[in-house]
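Close look at the chain arrangement
One-letter residues, chain by chain:
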Amino acid sequence: MKPSTGHTPPKWANRLLEWYCRPELLEDLQGDLHEYFDRNLASKGPKRARINFVMDVLKFMRPYTIRKLEILNNLTTIVMFKNYFKTSLRSIARNKLFSAINIIGLAVSMSVCLLAISFLVEIDSYDRFHEDADQIYRVKNSYQFLQEDPSYFASTSILAGKLIQEQVPGIKASVIMHRGFSGDAKMGDYIVPVSGIHTTEDFFEVFSFELLRGNPETALSEPHSIVLTDETAEKLFKGQDPMGQTFQVGNEETPYQVTGVMKKPPHHSHLRFQSLVSFATYEEKRKENPEETYWISWSNMWANYVYMKLEDGTSQEDIEARLVPINDKQNEKSDRVTINTSLQPMLAIVAGENLSNQIGMSMGPEGTWIIVILTSIVILSAGFNYTNLSIARSLRRAKEVGVRKVVGATRGQVFTQFIIEATIISLIALVFAYLLFFLIKPEFLNLDPDIQQMLLLENSPKVFLFFILFAVLVGFLAGFFPATFLSKLRAVSVLKDASNTKLFSKVNMRKVLIVTQFTLSLIFIISASIELKQYKYALAFDLGYDTENVLNIWLQGNDIDQMANAFASVPEVSQISRSAMITSVGNRYSETIKYEDPTDSTDLTYNFIDEHYLPLMGNRFLAGSNFESRQLQEREESIIVNEQVLKRFNIGTPQEALGKYVQVGRDSQGPRKLRIIGVVEDFQYATIQESIESFGFRYAPDRLEMLNLKIATTDVMATMEKLETAWNGLDQVHPFEATFYDEEIQRTYAEHSILFTIVGFLAFLTISIAALGLLGMGVYTAETRLKEISIRKVLGASEGSLVTLLARGFMWLLIISAAIAVPAAYFLFDSVILADAVNKANIGFIELFAGVIIIFAIGFLTIGTQTWKAAKSNPAQTLRSE
Amino acid sequence: MKGTYLGEFQELVLLTILVLAENAYGVTIQDELGSRTGRNISRGALHTALTRLDEKGFITSEYGGATAERGGRRKRFYKVTDSGTKALEESKMLRDQLWSEVPQVSLQKAGN
């Protein structure tokens, strides 16, 4: 034989031949072609030889050489399905423990995934009920002050809307909206609060909200026209025909006339409102003062919205290209601020980019990502279990595969059989998951009022279809690796000596899977404990004033003195103060403040209060004194500042600062000069993640909108009832709304507690799943090494040493997982999630290692019990039957 | 008589297999036929013929040893079966008979 020259026929041609040629002819043909190739190589050179080879391969494509049509094979597959199904069920029933571990693990994790699927389907369904929903866009704005980073807004200016209507072609219809219509609708003595959106007349052309009564084209053209939703109409008119009715709103003189009744916006609309008021109403009000033109300026972009429906064939880019010159022209007028308009598809509003000043439901993209990532991790963990246990058990299944192959099963058939087995397990798991899904669904919805408003998580056939597809996919993916692996086995080698096969070469992969599982579980559990600590820290944080037993009551337009008097008569109320807002919960008012240098300014966060506020809240004075009680004065003249103001402007010590003047914004009479009459110790007026900057308390009786009641009682319920009675004595229209300050703070940090709940729950799931997997592996190891254990025992090994021997491998895997997870979780929180927080609880040893210890304990217990059982077994029993 | 009909090419293949005796497999058959007829015989054509012959039961085949030049694949050796030999004989007889009855004259003309 000639030694190989290194030249071989082209591989692809060879493969082509193998692919199309009937197996029974293949060997002969291929052999001949190779022999020719060899000869040609010698006589004609490698190039010619290769060409000839390829030509020959192509020329061999003849009817009789080409394989039978695949459909014939498929037919057998269909026939075989019944068999696969039966054997799968048998195999599942035979290995009860493994099947149970897999089904429980998959069911638990799938229930979370079902939640995620219905969540995603629901988010995706938002706003799709509009006709040509994908052609509807909203104008969004970017706002850039000098060279600072721009911020992005869902709102835009009325001017932008008008310019677009005038200058941009390709728009079927567009609508300008202004939010903030609200007031008490009065029909004689009957008063109902209503709210809504001002909108131009093309509203029903852009959107497909259903107008039940009225003319869609004219309903919103005239000033003081209002379209009510059926729900609001019913509330207002109680069964009377609302069309043409009029009512007054608040203190406005001109009555509103009902020009239409529409169906309440469906739940899956990001726009939700009680009524629509013609935009002309808003314009009319604005035009009352012709000198004031800010409302129509380019930079008044805070409460207006422009939506448009594009004509067929017009794209987002076309419109945006037209917006560029408009933007440029308008921005030329301002040297400090750059405002650019662009478009956002309506379907991307709910889960799209984070914009400020949203008009309706939206949640930003993070929620979606977090849910997808977290649930994938959980399902991955359960999938790993299946893969792991199946491979571990493949030693037993190998013989079965051998027999099947001898009887004539092809590789594809064996593969299908194992995939089907996995899919059946996954579908059984789906049934349980579906039940669990109903248990966790209300829990999830109750996590946060926002979630409840956003989602219904109703079951539609579409969602159900996705569930089943998902289960099949999970089955396929989980079963893919074991199926590939088992179907590859060669009948001869398996039947001759199963232990000889490459089964154990997969040990490393199994280890990797286990380590991954536990690393993820650990990261979850560590994250949960860090979140919990942050939450507790935030609640226990010393704000610098006392929020305990303070009840905050929104006046909702009621007269402040009357209300204060009404509450003062309740004996449990020890003190009452008034303020414009409450601090430390994320809200803020701010204005520019200057000291002596007119070019040096900063933002001053402030709150309007009365003279009772500071004593009630217990803010500590460093110098000066409280405001004095005064009636509505002509002009604001004094301020109490915090230490930061003194530091910022180098005003000196608190004592020195008294009597100095600062300029805070302007009023109608020019710059507003305020005299510092007091200095309070710095306190945490913002959320604790933010740092303390300049803050001032201001005295403006006309700006006070809420009452702060210090309550001294042992029976909160009874006191609340008394307060509510007092409220109802003055206002029967608006329900009494009062919240304890501490509750308000809790709500501010609710994200931590929500995250803790979610992550903690997922941690629990992944740990349970991983522990189940470990249990399976433990059982398997103990089973396969039973003989070895017995022999060791006979030779004198103690039970303790046997347990160590068996458990050591697993404990190592856990240690590796911990070594990866602890630094990873620490980094995640220290450098990513909490990186910007000014005040945060330190991540301590306990948070990092409590989880590790729990997991170690669980791991040791699961492995330990199994190995202990094996170690305790009587060697005589196990060794006898050899 | 379907199935026993022997085409010209198939007849040549059968004869070649007989000539090659123990060493008749794809490549050798093709070489032998090629060199004898001076025609360039394609592998495909040959294989089709062999398959037909096999279907008619004129030849059988069995796998022989693998060789390195065949990339480790075995040779498929062909043998003419009894019915194959019979078919060849019949074909020969038919021709002989025809030959014997051809008049001398027309043969000369044909020769010219």
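**Remarks on the overall build of chain B**
Scanning chain B from terminus to terminus reveals five helices and two strands. Taken from the N to the C terminus, the helices and strands of chain B come in the order α-α-α-β-β-α-α. With 112 residues in all, chain B has 40% of them scored as buried. Contacts spanning at least 24 positions in sequence make up 52% of the contacts within chain B whose residues lie at least 6 apart. A total accessible area of about 6800 Å² is found for chain B, and carbon and sulfur atoms account for 54% of it.

**Observations regarding the interface of chain A and chain B**
Reports often express the size of an interface as the amount of accessible area lost when the parts come together. Each partner contributes to the interface: chain A provides 19 residues, whereas chain B provides 23 residues. For Arg39(A), the salt bridge identified is with Asp31(B), shortest N-O distance 2.1 Å. A total of 13 residues in the side of chain A that touches chain B trace back to one element, the largest contributor, which is helix H2 (residues 23-44) of chain A. Among the residues forming the side of chain A that touches chain B, the class breakdown is six nonpolar, three polar and ten charged.

**Considerations on the packing of aromatic side chains**
The tally for this structure, following the rule as stated, stands at 43 aromatic pairs over all chains. Between Phe476(A) and Phe480(A), the aromatic rings sit 5.7 Å apart at their centres with planes inclined by 45°, giving tilted as the arrangement. Remark: Phe480(A) and Phe476(A) occur in helix H14 (residues 461-488); sequence separation between them is four residues, near one turn of the helix. Residue Phe480(A) is classed as partly exposed on the basis of its relative accessible area of 38%. Look at Tyr25(B) and Phe77(B): their rings are 5.5 Å apart centre to centre, the planes differ by 80°, and that puts the pair in the edge-to-face class.

**Quick notes on a positive patch on the surface**
Residues Lys82(A), Lys86(A), Arg90(A) and Arg94(A) make up a contiguous surface patch of positive charge. Along the chain, Arg90(A) falls in helix H4 (residues 70-94).

**Things to note about the side chain of Thr719(A)**
Here Thr719(A) shows up in helix H21 (residues 716-730). Looking at Thr719(A), its side chain comes within polar contact range of the side chain of Thr713(A), at 3.0 Å.

**Structural notes on the pairing of strand E18 (residues 661-667) of chain A**
For a regular strand, side-chain orientation follows a simple rule: the groups alternate between the two sheet faces. All names here are of chain A. Note: strand E14 (residues 589-594) against E18, two bridges, orientation antiparallel. Across the sheet, residue Ile593 finds its bridge partner in E18, namely Val664. Bridge count for E18 against strand E19 (residues 670-680) is five bridges, and the pairing is antiparallel. Residue pairing for E19: Arg666 is matched across the bridge by Pro671.

**Things to note about the packing of helix H2 (residues 26-37) of chain B against helix H3 (residues 43-56) of chain B**
Residues and elements named next belong to chain B. The contact between H2 and H3 brings their axes to 11 Å, and the two run at 110°. Relative to H3, H2 is oriented roughly perpendicular. Classified by chirality, the crossing of H3 by H2 is right-handed. Of the residues in H3, those in contact with Gly26, Ile29, Gln30 and Leu33 of H2 are Arg43, Leu46 and Leu50. Split by residue class, the contact of H2 with H3 holds four nonpolar, two polar and one charged.

**Things to note about a nonpolar patch on the surface**
Residue and element names in this part refer to chain A. Taken together, Ile51, Met55, Leu58, Met61 and Ile66 make up a surface patch of nonpolar side chains, about 400 Å² in accessible area. On the secondary structure map, Ile66 appears in the loop between helix H3 (46-59) and H4. Take Ile66: its relative accessible area is 35%, and that puts it in the partly exposed class.

**Looking at helix H5 (residues 96-125) of chain A**
For H5(A), spanning 30 residues, the distance from its first C-alpha to its last is 41 Å, which sits close to the expected 44 Å at 1.5 Å a residue. By the criterion of burial, H5(A) is predominantly enclosed, with 23 of the 30 residues buried.

**Describing the environment of Phe98(A)**
Residues and elements named next belong to chain A. Along the polypeptide, Phe98 turns up in helix H5. Sequence separation between Phe98 and Val779 is 681 residues; the distance between their C-alpha atoms is 9.4 Å. Apart from the residues within four sequence positions on either side, Phe98 is in contact with Leu389, Arg393, Gly776 and Tyr780.

**Things to note about the domain arrangement of chain A**
Residue and element names in this part refer to chain A. As far as domains go, chain A holds domain 1 (11-59), domain 2 (72-126 + 362-498), domain 3 (133-360), domain 4 (501-541 + 742-882) and domain 5 (573-712). On a C-alpha basis, the centres of domain 2 and domain 4 stand 23 Å from each other. With 33 residues of domain 2 at the interface, the matching set in domain 4 holds 28 residues. Carbon and sulfur atoms make up 81% of the area that domain 2 and domain 4 hide from each other, which totals about 3000 Å². It is Phe384, Asn388 and Leu447 that lose the most area in domain 2 upon contact with domain 4, and together they represent 18% of the buried surface on that side. Run the count over domain 2 and domain 4 and you get three residue pairs in polar contact (both at pLDDT 80 or more). For the side of domain 2 that touches domain 4, the elements supplying multiple residues, two or more each, are H5, helix H11 (364-407), H14 and helix H15 (491-496). Among the residues making up the side of domain 2 that touches domain 4, the classes are represented as 21 nonpolar, eight polar and four charged.

**Digging into the pairing of strand E10 (residues 304-310) of chain A**
All names here are of chain A. Across the seven residues of E10, seven count as buried, placing the element largely inside the fold. Two strands pair when backbone bridges link them, and strand E1 (residues 136-145) and E10 are joined in this way by three bridges, in the antiparallel orientation. When the sheet's bridge partners are listed, Arg138 is paired in E10 with Tyr307. By the bridge criterion, seven bridges tie strand E3 (residues 171-187) to E10 in an arrangement that is antiparallel. Its bridge partner lying in E10, Ser174 is registered against Met308.

**Some points on the side chain of Ser278(A)**
Residue and element names in this part refer to chain A. Note on placement: Ser278 falls in strand E9 (residues 275-278). Side-chain polar atoms of Ser278 contact the backbone oxygen of Glu222, separated by 2.6 Å. Within the local environment of Ser278, its side chain forms a polar contact with the side chain of Thr281, the two groups lying 2.7 Å apart. Setting aside anything within four residues of it in sequence, one finds Ser278 in contact with His198, Thr199, Leu220, Glu222, Pro223, His224 and Ser225.

Procedures and definitions
- Throughout this document, residue positions are counted from 1 along each chain, in the order its sequence is written.
- Written order determines the labels here, with chains lettered from A and ligands numbered from 1.
- Selection of residues for local features in this predicted model requires a pLDDT of at least 70, selection of side-chain atom pairs for listing and counting requires 80 or more, and totals for whole chains, interfaces and linings are taken over all residues.
- The basis for the side-chain values is all heavy atoms of the structure; hydrogens and waters are excluded.
- Put simply, DSSP marks the helices as runs of H or I at least four residues long and the strands as runs of E at least two long, and each gets a number from the N terminus on.
- Each residue's exposure class comes from its accessible area (1.4 Å probe, protein chains only) as a fraction of the maximum for that residue type: buried when under 20%, exposed when over 50%, partly exposed otherwise.
- Contacts are assigned to residue pairs with any non-hydrogen atoms lying within 4.5 Å of each other.
- Accessible surface is estimated by sampling points in the Shrake-Rupley manner with a 1.4 Å probe; for residues, cover comes only from the protein chains shown.
- The working definition used for a salt bridge is a side-chain nitrogen of Lys or Arg within 4 Å of a carboxyl oxygen of Asp or Glu.
- Classification convention: Asp, Glu, Lys, Arg as charged; Ala, Val, Leu, Ile, Met, Phe, Trp, Tyr, Cys, Pro as nonpolar; all other residues, Gly among them, as polar.
- Aromatic rings from Phe, Tyr and Trp, taking only the six-membered ring of Trp, are treated as a pair when their centres fall within 6.5 Å; an angle between ring planes under 30 degrees marks them as stacked, one over 60 as edge-to-face, and anything in between as tilted.
- In this analysis, a patch consists of residues with relative accessible area above 30% that form no salt bridge, clustered at 9 Å for like charges and at 5 Å for the nonpolar side chains Val, Leu, Ile, Met, Phe, Trp and Tyr.
- Neither His nor the chain ends is counted toward charge; the positive residues are Lys and Arg and the negative residues Asp and Glu.
- By convention, charge coordinates are those of NZ in Lys, CZ in Arg, CG in Asp, or CD in Glu.
- By the criterion applied in these results, polar contacts are pairs of N or O atoms within 3.5 Å in which, for protein atoms, one can donate a hydrogen and the other can accept it, and in which residues neighboring in sequence qualify only through two side-chain atoms.
- Here, any two strands with at least 2 DSSP bridges between them count as paired.
- Fitting a line to C-alpha atoms yields each axis, with helices limited to the stretch in contact; the angle taken between N-to-C directions then spans 0 to 180 degrees.
- Should an angle lie under 35 degrees it is considered roughly parallel, over 145 roughly antiparallel, and from 65 to 115 roughly perpendicular; all remaining angles are considered oblique.
- Should the near helix be turned anticlockwise from the far one by less than a right angle, the crossing is left-handed, and should it be turned clockwise, the crossing is right-handed.
- Between the first and last residue of a helix there are one fewer steps than residues, each counted as 1.5 Å, and that sum is the expected span.
- As used throughout, domain bounds are those supplied by an automatic or database domain assignment.
- Accessible surface is computed with a 1.4 Å probe, and the buried area is the amount of it that two parts give up when combined, taken over both parts together.

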